[in-house]
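Here are the chains, one letter per residue:
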Amino acid sequence: MTREEKFMQEAIELSRKGIEHNEGGPFGCVIVKDNQIVGRGNNRVTSQNDPTAHAEVVAIRDACKNLETFQLEDCEIYTSCEPCPMCLGAIYWARPKVVYYANTRNDAADIGFDDSFIYEEISADIEHRKIPLVRLPQQTAKDVFEVWNNKQDKTAY
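Residues numbered from 1 in each chain as written. Predicted model: local features only at pLDDT ≥ 70, side-chain atom pairs only at ≥ 80, totals over all residues. Heavy atoms only, no water.

### Focus: the sheet that holds strand β1 (residues 28-33)
- Ordered by their spatial adjacency, 4 strands build an open sheet running β2-β1-β3-β4, and the pairing between neighbours is mixed. This sheet does not close on itself; its edge strands, each paired only once, are β2 (36-42) and β4 (98-103). Strand after strand, the sheet turns through a mean of 15° between neighbouring axes, direction not considered.
- Inspection of the sheet shows β1 paired to strand β3 (residues 76-81) by 4 bridges, in the antiparallel sense. Note on β3: the bridge partner recorded for Cys29 is Thr79.
- On top of the sheet, helix α1 (residues 3-20) reaches β1, β2, β3 and β4; it is set at about 50° to β3, its chief contact. (Pairing = 2+ DSSP bridges. Helix = DSSP H or I, 4+ residues; strand = E, 2+ residues; numbered from the N terminus. Axes fitted to C-alpha atoms, helices over the stretch in contact; angles between N-to-C directions. Contact = heavy atoms within 4.5 Å.)

This is the structure:
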């Protein structure tokens, strides 16, 4: 068994344990740095009443806490399924060096986890989306952006 297969099996086992404990859907994820697991997560959407508690997001939060950082540049992500759009966004923000996945988004759709609606919405023009996005321009919001832009001691990311 390769090291990649070993870590993938850890992610898959987390997905299985999540089901056994009724924590959420069949998804698991581990984050690896220097051949060590630094973050673990399984889907906890239903047990935490949190639509963002997907395996990858839970694992990213765990890894960042354990590593005391907000970036995962030197890390690898192993996830039991191709990341959904939300998780993919979180992964890009975390900046790992690679993502390995087992099941595909089509496999997930076959068992009731179909993200095609979200993919379609993301590519739709803002005025044609199913959930309206309504801009309420406020100068005070723009002012806060200016404060950030001029802040000398900010931590950029």
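Still more to cover.
### Things to note about the pairing of β3
- In terms of burial, β3 is a largely internal element, 6 of the 6 residues being buried.
- Note that β3 and β4 share 5 bridges and pair parallel. Counterpart to Glu76 in the pairing with β4 is Val98.
- In this fold, β3 hands off to helix α4 (residues 85-94), which returns the chain to β4; that crossover is right-handed. (Buried < 20%, exposed > 50% of the residue type's maximum accessible area, 1.4 Å probe, protein only. Right-handed = clockwise from strand over helix to strand, strands pointing away.)

### Some remarks on α1
- The first and last C-alpha atoms of α1 sit 26 Å apart over 18 residues, in line with the 26 Å expected at 1.5 Å per residue.
- For α1, every residue scored as buried is listed here: Phe7, Met8, Ala11, Leu14, Ser15 and Gly18. Along α1, the residues classed as buried sweep out an arc of 110° about the axis, all on the same side.
- The secondary structure elements touched by the buried residues of α1 are β1, β2, β3 and β4.
- Looking one or two residues beyond α1, the residue adopting positive phi is Asn22, at roughly 55°. (Expected span 1.5 Å × (residues − 1). Arc of directions from axis to C-beta.)

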